[in-house]
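# Coordinate inspection notes
If you want the building blocks of each chain, they are given just below.
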Amino acid sequence: MRTIARAVPPRPVLITAVALTTAAGSLLLQPRPADATPRPVPRRGSAPDPAIREGSGPDRYAGRAPVTAARRALTATVPRTDPGLGYPRRQILAPDPTNPADKSLKLGLTPYHALAPRLNSLQQLGDRVSAEVAGVSSGGHRLYLVTVTAPETTAQATAQERMRELIENAPATAAKSSEIKTSYKTPVLFDNNIHGDEREGTDASLDLIQQLATANDTKTKDLLAHSRLYFNITANPDGRIAGTRTNANGFDLNRDLITASQPEARAIRALTIDKQPAVLLDLHGYVNGTLIEPTTPPHGENYEYDLFLKNTYANALGMETAVNALGYTPAKDGVSPAQIPFRDQAEGWDDWPPVFTPQYAAFQGAVAAHTVEIPLQVDNSAYDTLPTSELHRRAAINVAVAGAAMRATLNFARSHRGSLIADQIEMFRRGATGAEQVPVSPLTVPGVPGIGPEDVYTTEFPRAYTIAPDTAGARLVAHLIANDVRVLRAATGPYVVDMRQPKRGLANALLADGQDISDKVTAMYDISAWSLGRLWGAKVESAPNLPTTPLTTIAAPSPVARVAPHGDLRLPLTDPAELAALNSLLRQGIPVRRSADGSAIVPEPSTATARAKVTEAATAYDVAFEATTLPGVTALHPVRVAAAVTPGELFALREMGFDVTPVSTDILNAGFDWSKADVLFASTELEYDDLTPTARTALRTFLSSGHGLVGRGVTGAALASTTGLLTATPVSGTEEANGVVRVVNSGPVTTGAPPYGFVYAPVWFTGLGAGVHVEQSYATGNPLLAGHWRTRADGSGGPADAAGRPSVVSDTRAVLFGTEPLFRDHPKGELPQVGRALFTMAHTSDGTRAWAHASSGSVEESR
């Protein structure tokens, strides 16, 4: 993490905050003490650790997820309970088999298999605790939701749901409701263990639930009478068990909230929509001293940030006081004082993208939302090298710190429940009425120190967006609805997103281009642009006015599936669903040929069985097979892919229906059966120089016998060069650069692709050899549409250097990408480029290419 100390005045007492002291009885519950003998540990400093960025760097666990995990992620749904059911809702949870390999055990923390019995026992302590299954992870483990509240009858629960709906859907009425002011229970959500090797929030939650279940003091009773407390016990059980940051598919779930490719992320999305928390705490590790948001600039431009900052900063002060009051010191315990990035740092820990849980929750009604990074490292090298006693000591301190942050948050929610709900109502009111955002300033957010021009981020909301009703549009509309964004439509015509709606901030965050913020800050924590409007392949346009045609709110997009009744059938292959449909047909033996324009041609089905299979594929993937007179040129065959790729790329390949076998340097050195593959896709974890002579020979034999290579980035280009498949020199832009870029498509692989791409550590190509074709180039001028892309200190590596340069190149034996078309399975409109490339480079059973390369000649890069 690159941080600069922010110059601020002495820490003031926030005017809107309640005094939180450490005197006896001032907290609802007393903190759990560290139960191991304290010993000093090296101080890691008060600045955050370097940012963990996924995408371009090596990943030792990349691309090895089993196909069963991908299948489960692609098909899993989130169970919903009846919101009118009363509390408690006791559900006896079946125990899991004891797993002595659970990595939590070494830390003295609760293993996953002990959770169900513990939750069952907590439910027996009284009538305040309810445990439910909120979903299933990619690895097949149950996700547990615990609700702690005073008992509710069915009628009372129904009334709570009615008030919740009123707050979102009729905020002007809700603001005047005396019933809401006196009776609505403030929703608070604690999200734990989203990174599997950051476990202590789970254990702190279990301890807190137990105390809340039995405490009889006045403050606890008042809290539970006026609040619903929700605990996502472990958001990532796969990683908790395995000791990995990621889930069973290799995904960092705290980067997946806007894509929601993983069932765990979809479960969090459902919780934030259904429970509509006013306050959210996301427990992480490890930053010493404890890092408590709000964040540094840049701040998400679509927030009602004045409401968010007021409450988030106030709660942060209370958490800081509670954590520091535990009495840990650098000398005695190795624990530094807590820090609040907004106050204590200048940049490097931002809230710009809504990929993180608290930032996503801010668009769903949370007016106080925090990442809290507990202090003492017990993951990675610490886990492997420190004595068990030291790991236990650190983990116990971390549990105590997490517990202190949680209890302070409960104090804040109890003391501020009226203003929290009022601000949530105001957030929804602004969206529904199209009110202007209120820029933060010392006047609009009094009492928050250090607010300056660098903190002001707002945007202009269009009146509406329109979305064309094709396959890509239907997928985007379904995604918007799943995110609780309202979509309208007349009987025919495009879909319409009216931006005067309660959750306009999320709608705009998903659909707008975003900003080029390269000149705003020197460093960003993660991605800086993500536009679904530009990257998902749908035809999205902003509109100054609503259509005059009467519109109605829809619950789902209209099906696109269609099969022409007569003639040959054409599938364009410009959408990942179309690639999935094609691969499904090929696996079933349906004849398919490619056409000169790169689309797939299904000869008119000659039997009822063949037509039924085509119809099934159209319905399953919601694609249209239109009648065509285009001739099929070359027969297509199923493609088996050997892939040395990132987890996101592996998942995207499987989403498109390819048969994928993960490979790496280690796997090839151990002896890989190349007869199982038709083409190689390489982007990471495959270094030719590290292969044994035998593995090199096997790889060269595979490639020289007609099997092609699809490569991404420097790794893919190096492999193409070393094996003599394609001559091109990769040039790397700045490593931190990422965003949405303008591109010009010029080849068969990119036919039908959007004129936008996504980059993360962008690459372009020079020195193209004879016969190398430019499939795509970065646009001239400034190719960056939105994101963060600066030059290096010496002035190199910026977007001006990439302008007009090739971003995707091909030859008869290789296709190379300098962009990130499969990044985290996010840019859906870019995925087909890789699918087409794989078919282009695959060797078929009859000795010919599955997809002949265009003979348009080479295009030399500009001098």
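Look above for the structure.
Residues numbered from 1 in each chain as written. Predicted model: local features only at pLDDT ≥ 70, side-chain atom pairs only at ≥ 80, totals over all residues. Heavy atoms only, no water.

### Comments concerning the pattern of salt bridges
A complete count under the given rule lists 43 salt bridges for this structure. Two residues, Arg343 and Asp344, come together in a salt bridge whose shortest N-O distance is 2.8 Å. Overall, the relative accessible area of 1% leaves Arg343 in the buried class. A salt bridge links Arg712 to Glu820; the nearest nitrogen and oxygen atoms lie 3.1 Å apart. Note that Arg712 is positioned in strand S24 (residues 709–712) and Glu820 in the loop between strand S32 (814–817) and helix H27 (831–841), a separation of 108 residues in sequence. The exposure class assigned to Arg712 is buried, which follows from its relative accessible area of 6%. When its relative accessible area of 3% is taken as the criterion, Glu820 is described as buried. (Salt bridge = Lys/Arg side-chain N within 4 Å of Asp/Glu carboxyl O. Buried < 20%, exposed > 50% of the residue type's maximum accessible area, 1.4 Å probe, protein only. Helix = DSSP H or I, 4+ residues; strand = E, 2+ residues; numbered from the N terminus.)

### Considering the packing of aromatic side chains
Going through the model one piece at a time under the given rule, you end up with 18 aromatic pairs. Ring geometry for Tyr303 versus Tyr305: centroids 6.2 Å apart, planes at 25°, classification stacked. Measuring from ring centre to ring centre gives 4.9 Å for Phe672 and Trp674, while their planes differ by 85°; the resulting arrangement is edge-to-face. Trp674 matches Phe672 in its accessibility class, with the two residues each being buried. (Phe/Tyr/Trp six-rings, centres within 6.5 Å; stacked < 30°, edge-to-face > 60°.)

### Some remarks on the side chain of Asp678
Position of Asp678 relative to the elements: it lies in the loop between helix H23 (665–671) and strand S23 (679–682). Polar side-chain contacts of Asp678 include one of 2.7 Å to the backbone nitrogen of Arg640. (Polar contact = N/O pair within 3.5 Å; in protein donor to acceptor, adjacent residues only side chain to side chain.)

### A word on the sheet that holds strand S18 (residues 600–602)
Sheet architecture is open: six strands sit in the order S15-S19-S16-S18-S17-S20, paired in mixed fashion. The sheet terminates laterally at strand S15 (562–563) and strand S20 (634–635), the two strands that pair on one side only. Relative to S20, strand S17 (residues 593–594) runs antiparallel, the two sharing two bridges. Directly across from Arg594, in S20, lies its bridge partner Thr634. Sitting on the sheet, helix H20 (residues 576–587) touches strand S16 (568–571), S18 and strand S19 (624–628), and the angle it makes with S16 is about 135°. (Pairing = 2+ DSSP bridges. Contact = heavy atoms within 4.5 Å. Axes fitted to C-alpha atoms, helices over the stretch in contact; angles between N-to-C directions.)

### Overview of the sheet that holds strand S13 (residues 540–543)
With respect to topology, five strands assemble into an open sheet ordered S13-S10-S12-S11-S14, the strand pairing being antiparallel. Every interior strand has two partners, whereas the edge strands, S13 and strand S14 (552–553), have only one. Where strand S10 (residues 464–467) and strand S12 (residues 495–498) come together, four bridges link them in antiparallel fashion. For Thr466, the partnering residue across the bridge sits in S12 and is Val496.

### Comments concerning the environment of Ala225
By secondary structure assignment, the location of Ala225 is in helix H7 (residues 218–225). Here the alpha-carbon distance between Ala225 and Thr186, two residues 39 residues apart in the chain, equals 9.6 Å. Apart from residues no more than four positions distant in its own chain, Ala225 is found in contact with Ala150 and Lys185.

### Some thoughts on the packing of helix H2 (residues 115–123) against helix H6 (residues 200–214)
Interhelical geometry of H2 versus H6 gives an angle of 20° and a closest axis separation of 10 Å. In terms of axis orientation, H2 runs roughly parallel to H6. Here H2 and H6 pass one another in a crossing that is left-handed. Contact residues: Leu115, Arg118, Leu119 and Leu122 in H2; Thr202, Leu206, Asp207, Ile209 and Gln210 in H6. Of the residues in the contact of H2 with H6, the class split is five nonpolar, two polar and two charged. (Parallel < 35°, antiparallel > 145°, perpendicular 65-115°, else oblique. Left-handed = near helix turned anticlockwise from the far one by under 90°. Nonpolar A, V, L, I, M, F, W, Y, C, P; charged D, E, K, R; others polar.)

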